[in-house]
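Coordinates in review
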Amino acid sequence: MKIKMKDGSMREASFEEELGRNAFRHTTAHILAQAVKRLYPDTKCAIGPSIADGFYYDFDFTFRFSEENFAEIEAEMKKIVKENLQLRHFTLDRNRAMQAMEEREEPYKIELIQDLPEEEISFYQQGEYLEMCAGPHVAYTSAIKAFKLLSVAGAYWRGDEKNKMLTRVYGTSFPKEEMLAEHLNRLEEAKKRDHRKLGKELGIFALLDEGPGFPFFLPKGMVLKNILIDYWRKLHAREGYVEIATPVMLERKLWETSGHWDHYRDNMYTTVIDGADFAIKPMSCPGGMLVYQMEPRSYREFPMRISELGLIHRNEKSGTLHGLMRVRCCTQDDAHIFMTPEQIQDEIKGVVRLIDEVYSHFGFRYHVELSTRPENAIGSDADWEMATNGLRNALDDLKLPYVVNEGDGAFYGPKIDFHLEDSIGRTWQCGTIQLDFQLPQRFEAEYIGEDGNKHRPIMIHRVVFGSIERFIGILIEHFAGKFPLWIAPVQIKVLPISDKYIDHAKGIMRALQQEGLRCEMDGRDEKIGYKIRTAQLEKIPYMLIVGEKETETDSVSVRKREEGDLGRMGVSQLLDMLRAEGI
RNA sequence: GCUGGAAUAGCGCAGUCGGUAGCGCAACUGAUUCGUAAUCAGUAGGUCGAGGGUUCGAGUCCCUUUUCCAGCUCCA
């Protein structure tokens, strides 16, 4: 494909390359806008970029727009493609650009021009349609062979909730019909992995009207949660952490000292006890500080790694809740590390390695972001710079690629975030490492240094899972509910062929339970095919079929979730096989 | 929180023009005793999310509200 760049030059790029794909989708967005203007000339256009899997365009319609309008627009878009319009690129100086947009009565474009620094403003024109746009674009509209409008939603003008809400139309496009069909199919498949659907089907968790955003963990979910916690405790003991638990609810004065009462008030649940204000903790750090403060501390204790599985509550806005991924109450696998300035680099690196070990263990791919000072920050510029550099240097030392998120840090310090992907490619922050100079200062924390003088410790907040709830959500989608043996809530189901073999089946089940395996039996009066079907739908890793032959020879027929029938074997042979897989 | 959509049996869904709620699976009972993804028959199950209104009559129309879904904003 030929691509027309902003500077007027032409480049060759295929759809497989980001440049080509973005130009392709971006051009489709222009075709959408052109069709909309033809059909509903009073509509005002805002912006229409390409995104990961397609494109969108924000419009200000004069009527109630809905998906029912899609057919009409898609028909008009097809016409525009067929007309094979050339995309002409040119620039206008600020005055003429302004004039052109005023003539066309495009108030959003005018606002954009006012904020643009350039003197020469880039435009693309296709047929009668003129768009102020930095491009790049494909050369002719006929390149867009396959496209589809997907959904419509509200979006604030310039992403600011104080601004007017516009109507965003999402769509996608491909050079071939088959590619579009394949993409739509993939979206359907992804929906089947949705942790909210699977979490319900597999009996892992529930969200009820009585507790919006407060998940109920069902027996199988609790098994999963406890396995993750066991794994986590083992790792942290190995890494030299000590574990504490601090109260869920603490007095207002503590939150005033920590700064949360001023900076996090809207998100905290509060109550009154004996006339005093209390807040349910939205994070565990202030409680952790109190533990640090209980005794005089020495540099000899450093680095002091104190972990806590903290049950935290945050009053998240109703519209932001999302299954287990975004909840109002969750368990953070928190830890606070107190140290000397010299220990910063090594400690951060240690935590990064730990997080990498855990994510790799589950087979996750992740990306790292460094978030810098936000607007509502507390603390001096110098502290922020030192803290930010500390994180940056550690990442550079480890040669870990990362993107910088300007202004996205916590109010008390910068952070490194680890993001994991869900089934449809949305990413969720899980692990985070935050360097904090503020809290030790606010609590006037101290330690006695080698020189015998008092010093202020440096503090790291860090989580590996992030929230265990969110991590479980990611796990469900990552494995599509087919958990590996070691975390499967039910590892084995024994299926007697008829009730004549129930006694033998029960014996097998008990023997495996004695070995610490999570094992159930399906003793219903059903045919074996039906029991297998049920167990497969429950996504249980191993099924043991027990009938006449097995009872006579004291064996089991093993069926594996993915591979099917593995043949007959004795229980000890089965155990060897399971141990080799990891249980 | 904002914009738009949705809510009917445990789950997945149908319900026409406003006329007294149905299907499949699951559950339960009985028959069946079976070899790697659904045996057959029967039974029971619903203040149609909640509250108000219009009407002779509301699952259906109107208002309020709760929750969920998509996106925005915000965030682990």
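See the structure above.
Notes on the structure in this doc start here. All residue numbers refer to positions counted from 1 along the written sequence of the respective chain. As they are written, the chains are lettered A onward and the ligands numbered 1 onward, keeping that order. Local features in this predicted model are restricted to residues whose pLDDT is 70 or higher, and side-chain atom pairs enter the listing and the counts only when it is 80 or higher, whereas totals over whole chains, interfaces and linings include all residues. Processing note: side-chain calculations cover all non-hydrogen atoms of the structure and skip hydrogens and water entirely.

Glancing now at the pattern of salt bridges. Whenever a carboxyl oxygen of Asp or Glu lies within 4 Å of a side-chain nitrogen of Lys or Arg, that contact is scored as a salt bridge. Here the structure, examined in full by the defined rule, presents 39 salt bridges. Across the pair Glu-188 and Lys-191 runs a salt bridge whose closest N-O atoms are separated by 3.5 Å. With Glu-188 and Lys-191 both in helix 5 (residues 177-192) and three residues apart, this pair spans about one turn of that helix. Looking at Glu-188, the relative accessible area reads 43%, which means it is partly exposed. For Glu-301, the salt bridge identified is with Arg-297, shortest N-O distance 3.2 Å. Helix numbering and strand numbering both begin at the N terminus, where a helix is a DSSP run of H or I of at least 4 residues and a strand a DSSP run of E of at least 2. Summary of the burial criterion: residues with accessible area below 20% of their type's maximum are buried, those above 50% are exposed, and those between are partly exposed, where the area comes from a 1.4 Å probe applied to protein chains only.

The biggest cluster of nonpolar side chains holds 58 residues, and the ones touching the most others in it are Phe-362, Leu-435 and Phe-471. Tallying contributions element by element places helix 11 (residues 344-361) first for this core, with eight residues. Residue contacts are defined here by distance: any two heavy atoms, one from each residue, within 4.5 Å place the two residues in contact. For Leu-435, the contacting residues outside a window of four places in its chain are Met-339, Ile-344, Ile-348, Ala-387, Gly-390, Leu-391, Tyr-412, Gly-413, Pro-414, Ile-458, Met-459 and Ile-460. If you look at the next biggest cluster of nonpolar residues, it comprises 34 residues, including Ala-13, Tyr-40, Tyr-129 and Leu-180. Only buried residues count toward a nonpolar core. Its members are Ala, Val, Leu, Ile, Met, Phe, Trp, Tyr and Cys residues joined through side-chain atoms within 4.5 Å.

Further remarks concern the environment of Glu-128. As for its position among the elements, Glu-128 is in the loop between strand 7 (120-126) and strand 8 (129-132). Distance in space between the C-alpha atoms of Glu-128 and Ile-540 is 60 Å, their sequence separation being 412 residues. Contacts of Glu-128, omitting those with residues within four sequence positions, involve Gln-34, Arg-38 and Arg-104. Between N or O atoms, a polar contact is any pair within 3.5 Å; within protein, one atom must be a potential hydrogen donor and the other a potential acceptor, and residues adjacent in sequence are included only when both atoms are from side chains. One polar contact links Glu-128 to Gln-34, side chain to side chain, over a distance of 3.1 Å.

Let us look at the packing of helix 7 (residues 219-238) against helix 14 (residues 468-479). Any two packed helices are characterised by how steeply their axes cross, that is the angle between the axes, and by the distance between the axes. To obtain each axis, a line is fitted to C-alpha atoms, and for helices this fit is confined to the stretch in contact; angles are then taken between N-to-C directions over 0 to 180 degrees. Here helix 7 crosses helix 14 at 110°, and the two axes come no closer than 11 Å. The orientation of helix 7 with respect to helix 14, classified from their angle, is roughly perpendicular. Where helix 7 abuts helix 14, its residues Leu-224, Lys-225, Leu-228 and Ile-229 lie against Ile-468, Glu-469, Phe-471, Ile-472 and Leu-475. As a working rule, the residues Ala, Val, Leu, Ile, Met, Phe, Trp, Tyr, Cys and Pro are called nonpolar, Asp, Glu, Lys and Arg charged, and the rest polar, with Gly in that last group. Per-class residue counts for the contact of helix 7 with helix 14 are seven nonpolar, no polar and two charged. By definition in this entry, angles of less than 35 degrees are roughly parallel, angles greater than 145 are roughly antiparallel, angles of 65 to 115 are roughly perpendicular, and the rest are oblique.

So, about the sheet that holds strand 16 (residues 270-273). The three strands are arranged 15-17-16 in an open sheet whose pairing can be described as antiparallel. Only two strands of the sheet have a single neighbouring strand rather than two, namely strand 15 (249-251) and strand 16. Sheet twist, expressed as the mean angle between neighbouring strand axes with direction ignored, is 35°. Strands were regarded as paired on the criterion that DSSP finds at least two bridges between them. Here strand 15 runs beside strand 17 (residues 276-280); their pairing, made up of three bridges, is antiparallel. The residue bridging Met-249 from the neighbouring strand is Ile-280, located in strand 17.

Our next topic: helix 16 (residues 528-537). Looking only at helix 16, the buried set comprises Lys-531, Ile-532, Thr-534 and Ala-535. Around the axis of helix 16, the buried residues are gathered within 160° of arc, so they sit on the same side. For helix 16, the exposed residues set more than 90 degrees away from the buried face come down to Arg-533 and Leu-537. Packed against the buried residues of helix 16 are strand 27 (492-496), strand 29 (542-546) and strand 30 (556-560). Looking at the residues trailing helix 16, positive phi occurs at Lys-539, about 60°. Note that the arc is defined by the directions from the helix axis to the C-beta atoms.

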